[in-house]
Amino acid sequence: MTELRTLKVALLGCGNVGAQVARILLDDAEMLASRAGARLELAGIAVRNLDAPRDVELPRGLFTTDAETLVKDADLVIELMGGIEPARTLILTAMRNGACVVTGNKALVAKDGPTLHEEADKAGVQLSYEAAVAGAIPILRPIRDSLSGDRITRVLGIVNGTTNFILDQMDSTGAQFADALAEAQRLGYAEADPTADVEGHDAASKAAILASLSFHTRFSLDDVYCEGISSVTAADIAAAKDAGFVIKLLAIAEKLEATGGETSTEAADGNTGVSVRVHPTLLPREHPLAAVHGAFNAVFVEAENAGELMFYGQGAGGKPTASAVMGDLISAARSIVLGGPGRAETTTGQVVALPITSAVTSYYIGLDVADQPGVLAKIARLFAEHGVSIEIMRQTIHRDADSNVESAELRIVTHRASEAALAATVEAVKGLDVINSVTSVLRVEGV
Ligand code: NAP
């Protein structure tokens, strides 16, 4: 049997994911060698604190605090430190020294993807980051490779497990946002500072990556419109449930065209491009993404020829994420063994990122109104005047036990309308004397 060559692997970071990657590299060395066509030798692990406890028992001699020296002598570098610096500089150094890089760092790829890709192309090395979106779920490679002969028209993703857990908890127990967040923190699904998750920033990074691969154009975080879930109330969830919807935080990347077409959506303002956005969204309870519970992730892809596809699984966690890292590592190792840079991303799409005002979607609007005759007609007329057509209008009467005054709650679901038309309608509705308050305005998909 011919002797396999050995490739040196530098691991940057030994936290939740890095420790599991180190374990797999050491425990499954034979299996990995047979699949990669080369022995993958873990040359060293760079960390901040040599004495920190690790999730996995690993030889102490592997650890170093000198990440820079480690990457300069590696064939393959796995970056699992997180953050922008020093991860960015170390990745660039590794590639300039001819190493292929695997990373799970969505924040870095979303922020500075173009620079990283340019450097990878220049150096003729592979840069891969399957773990950066939806943890264990193979989604980037199917979009990049399996669907490369098709045209993707829309991607809808539940790509943040923390917010899906919180919204699912609110939906199943009736809890308020703060209580569901506290439960997520108690169970370890949410960090002590949950801002990046609940305000949608983490999902926005993933939306930029999904949009870039789906539409063959490099989008960055600045191209993503982002709203989080901290203002979603138990009343919103209950009203959505009552109307047959569930509320999910979706990362959406959607092709919009000036005139629309059989498989594409018409832009509100006659532009052509891609709308990349993250916001709480009502989905019909029968939509496949509505069945994604707890901290699970799923990505729903629509393509011209493939039709609808759904990818589902664990979006985070040390072992699941390490699985995605290892897939990238084997692919990079094979590209070294076989020669050539391997499968690169194409950026031939060159479509522009459209502002949120270009998006066209349906809306759910909750109104607290006076219980008087003629109210419904007044509201319906005002919607019609603004070109927003109503699909469903439901009224529920409440009587205040103390004052004995009756008020009505109106729930409206519109047909597809532009953001601008909807905003103007809501402003006009607020000015009606029969309106006590606008209780919620949420976007609806999948109808
Ligand atoms: P983590 O548990 O916080 O571990 C980070 C590791 O990097 C630690 O070992 C830390 O060293 C090391 N490190 C941090 N800064 C360093 C520096 N300046 N120099 C040297 N070492 C440094 O992170 P994680 O959860 O494993 O996540 C790693 C990456 O994967 C992140 O980009 C994250 O976004 C991504 N990711 C994570 C998950 C997940 O489920 N956790 C899922 C998908 C993607 P010490 O241990 O010495 O402090």
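None of the values given here were measured: they were computed from a predicted structure.

## Examining the nonpolar core
Looking at soluble globular proteins, one finds that nonpolar side chains tend to be buried together. Residues Val-21, Leu-25, Leu-40, Ile-45 and Ile-139 are the most contacted members of the largest nonpolar core, which totals 114 residues. For Val-21, the residues in contact, after removing those within four places along its chain, are Leu-11, Ile-78, Leu-80, Ala-322, Val-325 and Met-326. Counting residues in hydrophobic clusters, the runner-up holds 20 residues, among them Ile-365, Ile-379, Ala-408 and Val-434.

## Some points on a nonpolar patch on the surface
A cluster of nonpolar residues, Phe-296, Met-310 and Tyr-312, forms a patch on the protein surface that exposes about 270 Å² of accessible area. Positionally, Phe-296 belongs in strand β12 (residues 296-303). Assessed through its relative accessible area of 32%, Phe-296 is described here as partly exposed.

## Some details on the packing of helix α1 (residues 16-27) against helix α12 (residues 318-338)
Where α1 meets α12, the axes come as close as 8 Å, and the angle between the chain directions of the two elements is 60°. The orientation of α1 with respect to α12, classified from their angle, is oblique. The element α1 and its partner α12 pack so that their crossing is right-handed. Between α1 and α12, the contacting residues are Asn-16, Val-17, Gln-20, Val-21, Arg-23, Ile-24 and Leu-25 on the first element and Gly-318, Lys-319, Thr-321, Ala-322, Val-325, Met-326 and Leu-329 on the second. A breakdown of the residues in the contact of α1 with α12 according to their chemical character gives 8 nonpolar, 4 polar and 2 charged.

## Quick look at the site of the ligand
Near the ligand lie 21 residues; those nearest to it are Cys-14, Val-17, Asn-49, Arg-54 and Gly-317. Here Val-17 contributes a backbone N or O atom positioned 2.9 Å from an oxygen atom of the ligand. At a separation of 2.7 Å, an oxygen atom of the ligand approaches a polar backbone atom of Asn-49. Among the residues forming the shell around the ligand, the class breakdown is 9 nonpolar, 9 polar and 3 charged.

## Regarding the environment of Val-232
Mapped onto the elements, Val-232 comes out in the loop between β8 (225-226) and α11 (234-242). Remark: the alpha-carbon pair of Val-232 and Leu-167, spanning 65 residues in sequence, is separated by 8.7 Å. With residues up to four places along the chain from it excluded, the contact list for Val-232 reads Leu-167, Met-170, Phe-177, Ile-237, Ile-247 and Pro-280.

## Notes on helix α7 (residues 161-173)
For α7, with 13 residues, the first-to-last C-alpha span of 18 Å sits near the 18 Å given by 1.5 Å per residue. Summarising burial for α7: 10 of the 13 residues are buried, a large majority. Those residues of α7 hidden inside the fold are in contact with β7 (152-158), α8 (177-186), α9 (195-198), α11, β9 (245-257) and β12. One side-chain oxygen of the residue at the start of α7 lies 3.3 Å from the amide nitrogen of Thr-162, identifying that residue as Asn-160. Gly-174 lies just past α7 and shows a positive phi near 80°.

What counts as what
Residues numbered from 1 in each chain as written. Predicted model: local features only at pLDDT ≥ 70, side-chain atom pairs only at ≥ 80, totals over all residues. Heavy atoms only, no water. Core = buried A, V, L, I, M, F, W, Y, C linked by side-chain atoms within 4.5 Å. Buried < 20%, exposed > 50% of the residue type's maximum accessible area, 1.4 Å probe, protein only. Contact = heavy atoms within 4.5 Å. Patch = residues over 30% accessible without salt bridge, like charges linked within 9 Å, V, L, I, M, F, W, Y side chains within 5 Å. Areas by Shrake-Rupley, 256 points an atom, 1.4 Å probe, with all protein chains shown as cover. Salt bridge = Lys/Arg side-chain N within 4 Å of Asp/Glu carboxyl O. Helix = DSSP H or I, 4+ residues; strand = E, 2+ residues; numbered from the N terminus. Axes fitted to C-alpha atoms, helices over the stretch in contact; angles between N-to-C directions. Parallel < 35°, antiparallel > 145°, perpendicular 65-115°, else oblique. Left-handed = near helix turned anticlockwise from the far one by under 90°. Nonpolar A, V, L, I, M, F, W, Y, C, P; charged D, E, K, R; others polar. Near = heavy atom within 4 Å. Polar contact = N/O pair within 3.5 Å; in protein donor to acceptor, adjacent residues only side chain to side chain. Expected span 1.5 Å × (residues − 1).

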